[in-house]
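Coordinates in review
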Amino acid sequence: MTLTPEQDGRASDELARYLLDTAALTPAWAEAFRAVPRALFLPDLVWAYDMPTGRSVPVSRADDAEGWERAAYANVPLVTQWDDGRHTGTEPGTVPTSSASMPSVVAAMLRDLDVSDGMRVLEVGTGTGWNAGLLSRRLGSSHVVSVEIDATVAERARAALKRAGLDPEVVHGDGRDGWSEGAPYDRVIVTAGVRAVPPCWSEQTRPGGVVLAPWGTHYSDQDALVRLTVGEDGQASGPFLRLVDFMKLRAQRLDWDQFRGHVHEFPGDTDESFTRLTLADLGGRYTTARFVTGLCVPDCAHVVNQASRTDQTDEGAGRAWFFDLRSRSWAAVEFRGSEPDATVYQSGPRRLWDEVERALTWWAERGRPDLDRFGLTVGRDGAARVWLDHPADVLPFA
């Protein structure tokens, strides 16, 4: 079964009403969401993210047309490519590398982009092409340029946009370089998580223009949406808005293989100490505590091996690892749930756990400020400075 244009229109209208009711979508964008169906931009096989289990579930249009249509208009992210296109079959691959973002995330980012008629927009990360289609419907195709690093993904997006009657410029290239041929832009919107803001994005943006990007550190997979306004001096500065979760820019992914030689044996010849902090104090996936720790402990990657729980006595147990990106320093902390003290092991010249504990203490002493009190300034050379409340109040550790 395939939806007729009338059915597709009704499904788009229902999605737009839902997003309006939740305030993710503003009235200015409602017409575009109704007129540009998400389903038109999806491949016949997608993997829907199941929120309760955290699993990606394959949904095939050929095998389950009704399920596929439901997924197309559900407020869930859909993986559309695994492992940079090397993956085959219906089971999930190893690393998701292209997707259709949650409609509520798409709508909220377009709201925060704050466009108006006549503006030119550069999108970094075309993906399915739906976001470029929405921008084209609102601003006109001639005002939109979208850059996609994967040639196959770019070609599929062009075909989908053509089916929708839209014709923005879709460039096969590395979004790190922007697209100077279409500059200057009034807005740059980035749909991949970044760990460094390339200077060219600001250079290709008019003074007073905006770069909207999911930014974070290698400490975790967390991204925070940051809205940077480009100044006359070429610097870009602005606040973090909220935590989001995006696939990372291909050139800025963290290579976990680089840590294979850090730990020859565990615990080995390490310095041992104790901490009263708990595993919960490190923060969960969508918490400010984890993000702020990454801001205050640069060049550090962190992962938690949660203990399998057979009963409630194991709650809070697990091992947290910390690896230095520039040396062989590492740390591990053994949390034992009900026991008040966790054992700390540190190796190498850098005391990573000490830095983590100092960062969490600093944050707590300042009243645990929320994410939206932090901001980012990116210099003309790409150097990033994180601040609290005001650009002059740069974090002391970062």
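Our subject in this report is the structure included herewith. (Residues numbered from 1 in each chain as written. Predicted model: local features only at pLDDT ≥ 70, side-chain atom pairs only at ≥ 80, totals over all residues. Heavy atoms only, no water.)

Looking at the element boundaries, Val106 is found in helix H4 (residues 103-113). Through-space distance from the C-alpha of Val106 to that of Ala11 is 17 Å; in sequence the pair is 95 residues apart. If sequence neighbours within four positions are ignored, Val106 has contacts with Phe33, Ser101, Trp130, Asn131 and Leu134. (Helix = DSSP H or I, 4+ residues; strand = E, 2+ residues; numbered from the N terminus. Contact = heavy atoms within 4.5 Å.)

Below, the discussion takes up the sheet that holds strand S17 (residues 374-378). Reading across from one edge, S7-S6-S5-S8-S9-S10-S11-S17-S18 is the order of the nine strands in this open sheet, with mixed pairing throughout. Here the strands that pair on one side only, and so sit at the sheet edges, are strand S7 (169-172) and strand S18 (384-388). On average, each strand axis in the sheet is inclined to that of its neighbour by 20 degrees, with strand direction left out of account. Alignment of strand S11 (residues 236-244) against S17, held across four bridges, turns out to be antiparallel. Paired with Ala236 across the two strands is Val378, which belongs to S17. (Pairing = 2+ DSSP bridges. Axes fitted to C-alpha atoms, helices over the stretch in contact; angles between N-to-C directions.)

Here we take up the side chain of Ser146. Tracing the chain through its elements places Ser146 in strand S6 (residues 144-148). The buried category is assigned to Ser146, whose relative accessible area is 0%. Excluding anything up to four places from it in sequence, Ser146 contacts Glu123, Gly125, Thr126, Ala132, Glu169, Val170 and Val171. (Buried < 20%, exposed > 50% of the residue type's maximum accessible area, 1.4 Å probe, protein only.)

Where burial is concerned, most of H4 is hidden: nine out of the 11 residues are buried. If you check which residues of H4 are buried, you get Pro103, Ser104, Val106, Ala107, Ala108, Met109, Leu110, Asp112 and Leu113. Phi for Asp114, located one or two positions after H4, is positive at around 55 degrees.

This next bit is on helix H3 (residues 65-72). Working note: α-helix, 3.6 residues per turn, so residues spaced by three or four point in the same direction. Counting buried positions along H3 yields six of eight residues, so the element is predominantly enclosed. Buried residues of H3: Ala65, Gly67, Trp68, Glu69, Ala71 and Ala72, and no others. For H3, the elements touching its buried residues are strand S1 (45-50), strand S2 (55-60) and strand S3 (78-82).

Another point: the pattern of salt bridges. This model, assessed by the stated rule, comprises 27 salt bridges. A single network of salt bridges, built from pairs that share partners, joins Asp84, Arg86, Asp150, Arg250 and Arg253. (Salt bridge = Lys/Arg side-chain N within 4 Å of Asp/Glu carboxyl O.)

Attention shifts here to the packing of H4 against helix H5 (residues 130-139). Running from amino to carboxyl end, H4 crosses H5 at an angle of 40 degrees, the nearest separation of the two axes being 11 Å. The orientation of H4 relative to H5 falls into the category oblique. Considering only the axes of H4 and H5, their crossing is right-handed. Residues Pro103, Val106, Leu110 and Leu113 of H4 form the contact with H5, whose own contacting residues are Trp130, Asn131, Leu134 and Leu135. Across the contact of H4 with H5, the residue classes tally to seven nonpolar, one polar and no charged. (Parallel < 35°, antiparallel > 145°, perpendicular 65-115°, else oblique. Left-handed = near helix turned anticlockwise from the far one by under 90°. Nonpolar A, V, L, I, M, F, W, Y, C, P; charged D, E, K, R; others polar.)

Between Ala183 and Pro184 the backbone carries a cis peptide bond, its omega angle lying at 0 degrees. Positionally, Pro184 belongs in the loop between S7 and strand S8 (185-190). Following Phe266, the chain continues into Pro267 via a peptide bond in cis, with omega recorded as 0 degrees. Within the secondary structure, Pro267 is located in the loop between S11 and strand S12 (271-275).

These figures come from the coordinates and say nothing about function on their own.
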